[in-house]
Amino acid sequence: QICKNYDAVAGINGSFFDAKTYAAVGYLMIDGRAIQAPLIVKARTTFGITRDNKVMIGKPKFRRRIRPENDFFSMIDGINKKCGYGEIVIYTSDYAKKVAVPKGGMGYIFDGAGVVTGLVHADVRIPEEGGLLVVSEEHLHRFKNTAVGTKILFTQSLMAPWDSVRDAFGSGMLLVTDGKITFDQSREEVGRYLMGDAPRTAIGITAANELVMAVADGRSSSYRGVDFDEIAQIMIDCGCTDAIALDGGGSSTLVYKDDVLNNVSDKGGLRKIANALVLLKAK
């Protein structure tokens, strides 16, 4: 359906996501706009596409600060994620229609210019323009002078060389670097439940800057699936110098010209997923 929505030539499932909220587990940027940041799984690898259509694979660093007029600089703990204990989070309309402000905390509604238009203590709707800044009780002392009419200065960006990235998603596992298998379960903080044979999705880049998208079927009588080292070798055999694994299992789906090419493993058929990488027709 995602491919149909964008009239895409081909598409593949994207990053891991929360099965309840469908929020991406990791960094997510679309058309230069941060949908979710920073990485929830900080050890995992991010896949990015620059504005001149080059691919980047690595672990970007973030510049994420806010400063209300007449108050202090503060670090942002995330964009469009649940606000935990001692955290400061920004929400936009990409997240949901409503957000619950944690007990004892404060929500600051701001407009498209970053000016505070309202203060709330309970559930609140996120405006289409602007957003909501949620500050947990532990940090409210840093916002003593932040009232309606206060302008909040936001700094939310990727640091060089990732500042040239237009689209990106994180939470993947590094498979291949410089043509060699470099998957490391410990370094990528991959739980045991994700190991072993399973359906796998991977994307990689060749020395000629060609994008490779691959899916291996599994969990059936016909296909056992592959482990991370095996999908890494498949990407090398396809000519990739660098590659990353994406969400797998029942999410693994490869589409070409409206046809699903692989045999999805969920008994109910195609799984509802949070995001995808699609290839569009050249303009």
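Because the structure is predicted, anything quoted here is derived from the model rather than measured.

Parameters at a glance
- Residues numbered from 1 in each chain as written.
- Predicted model: local features only at pLDDT ≥ 70, side-chain atom pairs only at ≥ 80, totals over all residues.
- Heavy atoms only, no water.
- Helix = DSSP H or I, 4+ residues; strand = E, 2+ residues; numbered from the N terminus.
- Rg over C-alpha atoms; globule rule 2.2 N^0.38 Å.
- Buried < 20%, exposed > 50% of the residue type's maximum accessible area, 1.4 Å probe, protein only.
- Contact = heavy atoms within 4.5 Å.
- Areas by Shrake-Rupley, 256 points an atom, 1.4 Å probe, with all protein chains shown as cover.
- Lys, Arg positive; Asp, Glu negative; His and termini not counted.
- Charge placed at Lys NZ, Arg CZ, Asp CG, Glu CD.
- Pairing = 2+ DSSP bridges.
- Core = buried A, V, L, I, M, F, W, Y, C linked by side-chain atoms within 4.5 Å.

Caption draft 1: Quick look at the overall build of the protein chain. A tally of helices and strands in the protein chain yields 2 helices and 23 strands. Taken over C-alpha atoms, the radius of gyration comes to 20 Å for the protein chain, in line with the 19 Å a tight globule of 283 residues would show. Each principal axis of the C-alpha atoms in the protein chain carries an extent, and together these give about 60 × 40 × 40 Å. For the protein chain, the residues scored as buried account for 46% of the 283 residues in total. Looking at the protein chain alone, contacts between residues at least 24 apart form 68% of all its contacts between residues at least 6 apart. A total accessible area of about 14700 Å² is found for the protein chain, and carbon and sulfur atoms account for 51% of it. Counting 35 positive and 33 negative side-chain charges, the protein chain places the averaged centre of each group 4 Å from the other.

Caption draft 2: Representation of the sheet that holds strand β23 (residues 276-279). Spatial strand order, β22-β21-β1-β23: 4 strands in an open sheet with antiparallel pairing. Either end of the sheet is taken by a strand with one partner, and the two such strands are β22 (259-260) and β23.

Caption draft 3: Inspection of the nonpolar core at higher detail. If you look at the biggest cluster of nonpolar residues, it comprises 21 residues, and the most contacted ones within it are Met173, Leu175, Phe228 and Met235. Elements supplying a minimum of two residues to this core: β16 (165-177), β19 (211-216), α2 (228-237) and β20 (240-245). The element that contributes the greatest number of residues to this core is α2, accounting for 4 residues. When sequence neighbours within four positions are dropped, the list of residues in contact with Leu175 reads Lys180, Ile181, Thr182, Phe183, Ala202, Phe228, Ile231, Ala232, Ala243, Ile244 and Ala245. Grouped together as the second largest cluster of nonpolar side chains are 14 residues, Ile12, Ala24, Phe169 and Leu254 included.

Caption draft 4: Highlighting the pairing of strand β11 (residues 106-110). Counted residue by residue, β11 has 5 buried out of 5 residues, so it is predominantly covered. By the alternation rule, side chains of β11 split into Met106, Tyr108 and Phe110 and Gly107 and Ile109, which are all buried. For β11 and strand β14 (residues 131-135), the ladder comprises 5 bridges, and the chain directions are antiparallel. Following the sheet pairing, Ile109 is matched in β14 by Leu132. Bridge count between β11 and strand β12 (residues 116-120): 4 bridges; the pairing is antiparallel. Residue pairing in the sheet places Ile109 in a bridge with Gly118 of β12. From the end of β11 to the start of β12, which pair antiparallel, there are 5 residues, and Gly114 there has a positive phi angle of about 85°.

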